[in-house]
Amino acid sequence: AQSVTQPDIHITVSEGASLELRCNYSYGATPYLFWYVQSPGQGLQLLLKYFSGDTLVQGIKGFEAEFKRSQSSFNLRKPSVHWSDAAEYFCAVATPQGGSEKLVFGKGTKLTVNP
Amino acid sequence: DAMVIQNPRYQVTQFGKPVTLSCSQTLNHNVMYWYQQKSSQAPKLLFHYYDKDFNNEADTPDNFQSRRPNTSFCFLDIRSPGLGDAAMYLCATSREWGGTDTQYFGPGTRLTVL
């Protein structure tokens, strides 16, 4: 079964600094990969997703993620963090058709942004 | 405009007292999901409906049931809540079942069991 690891439980950055949130997955082939954000009191919102093709994926709110097959990673990045980016970020995987296809989430990384 | 609505946002119940959580959607999606998210843990899929077809995850306790009377509404029933059922319950929808389809989440209902 596929699994997702987000090594960092909590990250603090200063406003304007760059950000990278780590995500590693375990699956025999290339899964579908997602990043979701959950702001306080809100539901999860999709930031971006990767299925195939260009390994650098652009998402909403200025986020991007890079799929690296050799490292089984799908790290999320943002060049300059805004205070409104403070939230919890979840990486998720789903197997391509023929597998279970349900979303399996990591435990999340909570982002704090200092002024 | 809210697309996936969950009511109530906060629910307090007593140990063993049945509780029902509600989810509605304006997206006319075929699939509706219920996730359980305990503190500092990943959201965990409990079950989903594709239209009227109910699909239970193998490890979902029998204490959890669901109803989908029509396309727009889906309910989560917890027959005899235990302390371990205290969690955030997330409802989500997608147009189709499958890993490629984006899921749209509601804001969640936080359940407290006293």
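Everything here concerns the structure above.
Thresholds, definitions, all that
Residues numbered from 1 in each chain as written. Chains lettered and ligands numbered in written order. Predicted model: local features only at pLDDT ≥ 70, side-chain atom pairs only at ≥ 80, totals over all residues. Heavy atoms only, no water. Salt bridge = Lys/Arg side-chain N within 4 Å of Asp/Glu carboxyl O. Helix = DSSP H or I, 4+ residues; strand = E, 2+ residues; numbered from the N terminus. Contact = heavy atoms within 4.5 Å. Buried area = accessible area lost by both parts, 1.4 Å probe. Polar contact = N/O pair within 3.5 Å; in protein donor to acceptor, adjacent residues only side chain to side chain. Nonpolar A, V, L, I, M, F, W, Y, C, P; charged D, E, K, R; others polar. Disulfide = S-S within 2.5 Å. Buried < 20%, exposed > 50% of the residue type's maximum accessible area, 1.4 Å probe, protein only. Pairing = 2+ DSSP bridges. Axes fitted to C-alpha atoms, helices over the stretch in contact; angles between N-to-C directions. Core = buried A, V, L, I, M, F, W, Y, C linked by side-chain atoms within 4.5 Å.

Caption draft 1: Spotlight on unusual backbone geometry. Residue Pro8 of chain B is reached from Asn7 of chain B by a cis peptide bond, and omega for that bond is -15°. In this model, Lys61 of chain A sits at a positive phi of 60°, which is unusual for a non-glycine residue.

Caption draft 2: Here's a closer look at the pattern of salt bridges. All names here are of chain A. Using the criterion set out here, one finds eight salt bridges over all chains in the structure. Glu64 is the partner of Arg77 in a salt bridge, and the nearest nitrogen-oxygen pair spans 3.2 Å. With a gap of 13 residues between them, Arg77 in strand β9 (residues 73–78) and Glu64 in strand β8 (residues 64–68) connect regions that are remote in the sequence.

Caption draft 3: Molecular detail of the interface of chain A and chain B. Of the residues lining the interface, 20 residues belong to chain A; the matching set on chain B comes to 19 residues. Around 1,600 Å² of area is buried between chain A and chain B when both sides are counted, 57% of it from carbon and sulfur atoms. At the junction of chain A and chain B, the tally comes to one salt bridge. For the pair chain A and chain B, the interface holds three residue pairs in polar contact (both at pLDDT 80 or more). Only β5 (32–38), β6 (44–50) and β10 (87–94) of chain A provide two or more residues apiece to the side of chain A that touches chain B. If one sorts the elements of the side of chain A that touches chain B by residue count, β5 of chain A sits on top with four residues. Looking at side-chain class alone, the side of chain A that touches chain B contains ten nonpolar, six polar and four charged residues.

Caption draft 4: Looking closely at the state of the cysteines. All names here are of chain B. As enumerated under the stated definition, the model contains two disulfides over all chains in all. The partner cysteine of Cys23 in its disulfide is Cys91, sulfur to sulfur 1.9 Å. Its torsion about the S-S bond being -75°, the disulfide of Cys23 and Cys91 is classed as left-handed. Residue Cys23 is found in strand β3 (residues 19–25), and its partner Cys91 is found in strand β9 (residues 87–94); the two are separated by 68 residues along the sequence. For the pair formed by Cys23 and Cys91, the shared burial category is buried.

Caption draft 5: A look at the sheet that holds strand β7 (residues 64–67) of chain B. Residues and elements named next belong to chain B. Across the sheet, which stays open at both edges, the four strands sit in the order β1-β3-β8-β7 with antiparallel pairing between neighbours. Edge positions in the sheet fall to β1 (4–7) and β7, since each of these pairs with one other strand and no more. Pairwise comparison of adjacent strand axes, ignoring direction, gives a mean angle of 20° for this sheet. As paired strands, β1 and β3 are joined by four bridges and run antiparallel to one another. Bridging from a neighbouring strand, Val4 pairs with Gln25 of β3.

Caption draft 6: A look at the environment of Pro79 of chain A. Its location among the elements puts Pro79 of chain A in the loop between β9 and β10. Those residues in contact with Pro79 of chain A that lie beyond four places of it in its chain are Gly16, Ala17, Ser18 and Gly62 of chain A.

Caption draft 7: Fine view of the nonpolar core. Core analysis: the biggest nonpolar cluster contains 27 residues, and Leu19, Trp35, Leu47, Leu48, Phe74, Leu76 and Tyr89 of chain A have the highest contact counts within it. Counting residues per element, the ones that place at least two in this core are β2 (10–14), β3 (19–21), β5, β6, β8, β9, β10 and β12 (109–114) of chain A. Per-element tally for this core: the top contributor is β10 of chain A, with four residues. Excluding its chain neighbours within four sequence positions, the residues that come into contact with Leu48 of chain A are Leu33, Phe34, Trp35, Val57, Gln58, Gly59, Phe63, Glu64, Ala65, Phe74 and Leu76 of chain A. By size, the runner-up hydrophobic cluster in this structure holds 19 residues, among which are Tyr36 and Ala94 of chain A together with Tyr33 and Ala92 of chain B.

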